[in-house]
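Summary of structural features
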Amino acid sequence: MRHFARRITVLLFLVLCLTGCSLVKSLESGLPLWYFGSKNPRNQVYFVGEGRASTQRQAELLAFTNITDKLSSYLGNQTARSAYRELSTDGTISDYGLTVIDRFVRTEDNGEVLVLIRSVADRTLLDVFRSAEAVDLGTRLDRIEALILKGDEEIKKGRDVTGLKYYLQSMVLSGKTDTRNLRKEYSFDTILEEVLYVLGNIELYVLDPKPEEPSCTVSVRRRGSFISSPVAECPVFTAFEAVDGRYRIYSDSYVFQTDSKGVFHFTTVNPNILASGKVTFMLGLSDEVRDVGEVSESAARRLREALLATNVNFIYQKKHAMGTIAVTSMEYSTLGDFIPDGNSTAYIAGLFEKDGAPAMQCPAQHNLKDPFLLDTARSMYPDAGVLFVSRSGITDTVYSDTGVVAVSMEGSVILYNMKDSSVIFSSGIVNATGFGSSYEEAFENGRNTISDIFYSLIKAVYV
């Protein structure tokens, strides 16, 4: 007896696995399982008609009309009235090998009669009558179903967002297609609700935040009844603000992807990220939602709102781990003569300070070698962690007939670790040109331009 009960349990489990959501819907609604769709056999095509009316016969005629409408859509042309008459009287359409095989009748609480009729037709006979447009439509319907099935498989494997990409692609196709022959669960509105449901159960978390670096770990998980589960291989869009060489703030973004555990580690990809601000993490579905907007802006709006609800922000304020930076900038004339420090040291130190970096001016009054500059910086700022040393000189000066003066400069920059005098970064040769209405103005612009370049190079490694 126990073996029999076990067999029954196994059989029920197999039935549930094979029928899935359709069985659940059938049990909940009291409607037949075949109403919720069944895969067409290789040589046959199912058409299900639905009719509601005050009498059973009226409802049956509406169901037959529904079948011939779907048949017309499948063929790409209007079926003849004789075909409808044959179907409504004999339950067949001989030209297409179509036969009624199932009926369901139910009287609703309001007295309305519901009639469902399932018919099956010979695919070989149908294909003889199909137009080229109908064949193309059939290919598109197959593509919609294939995308949905791919999405289902991805979600089963824990790759929910990848699955949503397939769902959204199928929505776009569904919204642009005559879907009278498409199963209801593959319709635009049904897919939309499924996508919104899945999105509503995805959450992003910021773990182990280090706002001073800035860095953190981001986790993407799916809420469950009792425990949550990771969302693997999930594209996550990161957005933040940065500043360019002219101190103009701009928006920047990168895409990361979670691993098999649903996490990834975020670090500063762009060294020009603002000294303090926020990084926004969001699910990487914006392209697919944009495509949905071409079909239905209202649906895209609902999707954007659902995506926005999953966003999470990481607030940071960078702290420069190398500590105080001592700045020495040395300049040379066209002949290579040392020019006692003017404004370049103060200018470069000011660039660091604008980004919140603790910078100290260590101007050079003599043409000293780097070891002596290190010793000088240590004596002036014993607590400093690094020394910035730049050297630049004038290579050419051009006076144009229009009154514009151009001063060309070249130079290099080195960043030292003041504890052991090791080189952290060396730029090699850098070139820049300054323009002005006088030599003094062109020289100042050239000096500032090459200083900006030096700073942008060092900023990338000075964290």
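One structure accompanies this document, and this report is about it. (Residues numbered from 1 in each chain as written. Predicted model: local features only at pLDDT ≥ 70, side-chain atom pairs only at ≥ 80, totals over all residues. Heavy atoms only, no water.)

1. A closer look at the sheet that holds strand β2 (residues 92–93)
With antiparallel pairing, four strands are arranged side by side in an open sheet as β1-β4-β3-β2. Where the open sheet ends on each side, the last strands, each with one partner, are β1 (44–53) and β2. Examined bridge by bridge, strand β3 (residues 98–107) and strand β4 (residues 113–122) share eight bridges and lie antiparallel to one another. Its bridge partner lying in β4, threonine 99 is registered against valine 120. (Pairing = 2+ DSSP bridges. Helix = DSSP H or I, 4+ residues; strand = E, 2+ residues; numbered from the N terminus.)

2. Some thoughts on the sheet that holds strand β11 (residues 276–283)
With respect to topology, four strands assemble into an open sheet ordered β9-β8-β11-β12, the strand pairing being antiparallel. Each of the sheet's edge strands pairs with one partner strand only, and the pair in question is β9 (249–257) and β12 (312–317). Taking the axes of each pair of neighbouring strands and ignoring which way they run, one obtains an average angle of 25° across the sheet. (Axes fitted to C-alpha atoms, helices over the stretch in contact; angles between N-to-C directions.)

3. Side note on the packing of helix α8 (residues 188–199) against helix α10 (residues 297–310)
Contact geometry of α8 with α10 gives a least axis separation of 10 Å together with a crossing angle of 10°. Taken together, the axis directions place α8 and α10 in an arrangement best described as roughly parallel. Along its contact with α8, which presents Phe188, Leu192, Glu193, Val195, Leu196 and Leu199, the element α10 presents Ala299, Arg302, Leu303, Ala306, Leu307 and Thr310. A breakdown of the residues in the contact of α8 with α10 according to their chemical character gives nine nonpolar, one polar and two charged. (Parallel < 35°, antiparallel > 145°, perpendicular 65-115°, else oblique. Contact = heavy atoms within 4.5 Å. Nonpolar A, V, L, I, M, F, W, Y, C, P; charged D, E, K, R; others polar.)

4. Some details on unusual backbone geometry
Residue proline 214 is bonded to the preceding glutamate 213 through a cis peptide linkage, with omega at -15°. Structurally, proline 214 can be placed in the loop between β5 (202–210) and β6 (215–222). A positive phi angle is found at aspartate 208, which is not glycine, with a value near 50°. Positionally, aspartate 208 belongs in strand β5.

5. Quick look at the packing of aromatic side chains
In the structure shown here, the tally under the stated rule is 11 aromatic pairs. Each ring, one from tyrosine 35 and one from phenylalanine 36, has its centre 5.2 Å from the other, and the planes form 80°; the classification is edge-to-face. An angle of 65° between the planes, with centres 5.7 Å apart, marks the rings of phenylalanine 256 and phenylalanine 266 as edge-to-face. Of this pair, phenylalanine 256 sits in strand β9 while phenylalanine 266 sits in strand β10 (residues 263–267), and the two are 10 residues apart along the sequence. (Phe/Tyr/Trp six-rings, centres within 6.5 Å; stacked < 30°, edge-to-face > 60°.)

6. Some points on the pattern of salt bridges
Enumeration according to the criterion identifies 21 salt bridges in this entry. Aspartate 102 is the salt-bridge partner of arginine 118, the closest N and O atoms lying 2.8 Å from each other. A residue pair is termed long-range when its members are at least 10 positions apart, and arginine 118 in strand β4 and aspartate 102 in strand β3 qualify at 16 residues. For the salt bridge of glutamate 297 with arginine 304, the shortest nitrogen-to-oxygen distance reads 2.3 Å. By relative accessible area, which is 39% here, arginine 304 ends up partly exposed. Via salt bridges that share partners, Glu50, Arg52, Arg106, Glu108 and Glu112 belong to a single interconnected network. (Salt bridge = Lys/Arg side-chain N within 4 Å of Asp/Glu carboxyl O. Buried < 20%, exposed > 50% of the residue type's maximum accessible area, 1.4 Å probe, protein only.)

7. Structural notes on the nonpolar core
Counting 47 residues, the largest nonpolar core has Val195, Leu199, Phe281, Leu283 and Leu303 as the members making the most contacts within it. Counting residues per element, this core draws most heavily on α8, at seven residues. Sequence-distant contacts of leucine 303, defined by excluding residues within four places in its chain, comprise Leu168, Leu192, Val195, Leu196, Leu199, Val289 and Val292. (Core = buried A, V, L, I, M, F, W, Y, C linked by side-chain atoms within 4.5 Å.)

8. Looking at the environment of leucine 114
Along the polypeptide, leucine 114 turns up in strand β4. Leucine 114 sits 64 residues away from glutamate 50 along the chain, and the two C-alpha atoms are 7.5 Å apart. Not counting the four nearest positions on each side in its chain, leucine 114 is found in contact with Leu31, Glu50, Gly51, Arg52, Phe104, Val105, Arg106 and Glu108.

9. Thoughts on helix α9 (residues 286–293)
Taken residue by residue, α9 has Glu288, Val289, Val292 and Gly293 as its buried positions. Considered in projection along α9, the buried side chains sweep an arc of 150° and stay on one side of the axis. Structurally, α9 contributes buried residues whose contacts are with α7 (160–175), α8 and α10. (Arc of directions from axis to C-beta.)

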